[in-house]
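The chain contents come next:
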There are 2 protein chains.
Amino acid sequence: MRTGVRRRMGVEERRQQLIGVALELFSQRSPDEVSIDEIATAAGISRPLVYHYFPGKLSLYEAALKRASEDLASRFDEPHEGPLGARLLRVMGRYFDFVDEHGPGFSALLRGGPAVGSSATNALIDSVRQAAYDQILSHLGVTEASPRLELVVRSWISLAESTALIWLEGRRVPRAELEVQLVHDFAALAAVSAVHDEDMAELLRTMVKDEPADGPFAVLAGRLIALGS
Amino acid sequence: MRTGVRRRMGVEERRQQLIGVALELFSQRSPDEVSIDEIATAAGISRPLVYHYFPGKLSLYEAALKRASEDLASRFDEPHEGPLGARLLRVMGRYFDFVDEHGPGFSALLRGGPAVGSSATNALIDSVRQAAYDQILSHLGVTEASPRLELVVRSWISLAESTALIWLEGRRVPRAELEVQLVHDFAALAAVSAVHDEDMAELLRTMVKDEPADGPFAVLAGRLIALGS
């Protein structure tokens, strides 16, 4: 209900509102396609007033990206309960929710380019990757990763990003399939590394020992063996 | 032997020499750390003469990157002979040779950032990825990739990039191990996808049917089965 009287927002409240409006627009299109005028219109304020809160589009973009990064990192939080495969599958569901909600902005950001590649944006991307990395190690019960485990976890995180980016191009594979596939990919990359390294083999045995017979890891192992026979 | 008389280079020859000198410098350090003065000194010419051939550092960087891209893409060429795993392993050897030769520049480029993220540099990165993709499809004997095969191949290419980038950080895992591991990873990602899709399963059977018992694919399959038992 409009009363004709617009309540005046406080400074911080207005900043937060602008960030939300900007994030919405930056999520749906590449940032170089979004203008300050458009953000002002969507926020229901004048262009000069936007500049009162943010010196320019880049700083507003970085603030929006910071909010999105915190949102994404929070989706990696998962209770340390139950089989690992099922935990990772739930995280993948929330990851693809995020990717789905922010598709064009997610692509523009990770594909890089002059509009988005500032050192601040790169630091935010790295902070999200680090949050994912820390979560995975904590679920594996590892405090100090070996070089091989670090490689498996970090390269899998990059695999999850590229899988999401390719999915966004045309959504030609159902996302539920990709969520399961990425859980399987994690097990597969760990298994490949375990072929080369006894510590990784030990970790892999720990990973799968509490997996239920119908969990994603066990299902994968069974099917791989069937394929090989 | 120096004769004291410096032969005057032609325009194209001088351009090519400058590109070579610049590529050498851009390979060893991040491009924002390399100055035109330094390139001029290394080429044995004056700074204004560099500007005579290239309007600025970015255009020289792009020319150097173009040469490096063509060099890298040419390393993907591999005769269509013998088992697939061995072919891919030879390509991985040449890929890591390239990464080794151009380490800091390779990292700076693929980690993005304002110094390197122009649309021309992004197009060159994409052209190398496309060359890798086309080569893999041609070795698989596929002309039109299904969405799932496209996803496997492209996400594996990104896995190879991230594996190389992580390796460059401290070279804490021997590169020969990573070359084999990436061949195994390709088979593992294809196998995971084959679990979900009959066409991929068929392709996987074709891939492995001519593999020797001591080839990388067969060795992986045997060890995975041993791990699972």
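Residues numbered from 1 in each chain as written. Chains lettered and ligands numbered in written order. Predicted model: local features only at pLDDT ≥ 70, side-chain atom pairs only at ≥ 80, totals over all residues. Heavy atoms only, no water.

Identification of chain A as TetR/AcrR family transcriptional regulator from Streptomyces lavenduligriseus is taken from an unreviewed UniProt entry.

Another point: the pattern of salt bridges. Within the structure shown, the criterion is met by 44 salt bridges over all chains. Here Arg75 of chain A makes a salt bridge to Asp71 of chain A, at a shortest N to O gap of 2.9 Å. Note that Arg75 of chain A and Asp71 of chain A are positioned in helix H4 (residues 57–75) at a spacing of four residues, about one turn of the helix. The residue Glu12 of chain B makes a salt bridge to Arg15 of chain B at a minimum N-O spacing of 3.9 Å. Within this pair, Glu12 of chain B and its partner Arg15 of chain B are both found in helix H1 (residues 11–28), separated by three residues, close to a single helical turn. Take Arg15 of chain B: its relative accessible area is 26%, and that puts it in the partly exposed class. Salt bridges here are not isolated pairs; linked through shared partners, they connect Asp97, Asp100, Arg171, Arg175 and Glu179 of chain A. (Salt bridge = Lys/Arg side-chain N within 4 Å of Asp/Glu carboxyl O. Helix = DSSP H or I, 4+ residues; strand = E, 2+ residues; numbered from the N terminus. Buried < 20%, exposed > 50% of the residue type's maximum accessible area, 1.4 Å probe, protein only.)

A few words now on the UniProt feature "DNA-binding region" (unreviewed entry) in chain A. Here, UniProt's "DNA-binding region" (unreviewed entry) annotation points to residues 35–54 of chain A. Counted over residues 35–54 of chain A, helix gives 75% and strand 0%. Its end C-alpha atoms are 13 Å apart. (UniProt positions renumbered as here; feature names shortened; annotations may be inferred.)

On to helix H1 (residues 11–28) of chain A, then. If you check H1 of chain A, its first and last C-alpha atoms are 26 Å apart, about what 18 residues at 1.5 Å a residue would give, namely 26 Å. Arg14, Leu18, Ile19, Val21, Ala22, Leu23, Leu25, Phe26 and Ser27 of chain A are the residues of H1 of chain A that are buried. (Expected span 1.5 Å × (residues − 1).)

With that settled, consider the interface of chain A and chain B. Chain A puts 46 residues into the contact, and the matching count from chain B is 46 residues. When the two sides are added together, the surface that chain A and chain B hide from each other amounts to roughly 3,900 Å², 66% of it contributed by carbon and sulfur. For the pair chain A and chain B, the number of links is six salt bridges. For Glu169 of chain B, the salt bridge goes to Arg154 of chain A, with nearest N and O atoms at 2.7 Å. (Contact = heavy atoms within 4.5 Å. Buried area = accessible area lost by both parts, 1.4 Å probe.)

The residues that UniProt annotates with the feature "domain: HTH tetR-type" (unreviewed entry) are residues 12–72 of chain A. When the span residues 12–72 of chain A is considered, its composition is 79% helix and 0% strand, and the gap between its end C-alpha atoms is 22 Å.

Aligned on chain B, chain A shows an RMSD of 0.0 Å; the corresponding rotation is 180° and the shift along the axis is 0.0 Å. Within this description, the copies of the chain are treated as partners about a two-fold rotation axis. In this assembly, 100% of the residues forming the interface of chain A have copies in chain B that are likewise at the interface, indicating an isologous arrangement. (Least-squares fit on C-alpha atoms with pLDDT ≥ 70 in both.)

Going through the model one piece at a time under the given rule, you end up with twelve aromatic pairs over all chains. Ring geometry for Trp156 of chain A against Phe186 of chain A: centres 5.4 Å apart, planes inclined by 90°, an arrangement best described as edge-to-face. With Trp156 of chain A in helix H8 (residues 147–170) and Phe186 of chain A in helix H9 (residues 175–196), the pair connects residues that are 30 residues apart, well separated along the chain. Since its relative accessible area comes to 4%, Phe186 of chain A is described here as buried. Ring geometry for Phe26 of chain B and Tyr61 of chain B: centres 4.9 Å apart, planes at 85°, overall edge-to-face. A residue pair is termed long-range when its members are at least 10 positions apart, and Phe26 of chain B in helix H1 and Tyr61 of chain B in helix H4 (residues 57–75) qualify at 35 residues. Grouping residues by exposure puts Phe26 of chain B and Tyr61 of chain B together as buried. (Phe/Tyr/Trp six-rings, centres within 6.5 Å; stacked < 30°, edge-to-face > 60°.)

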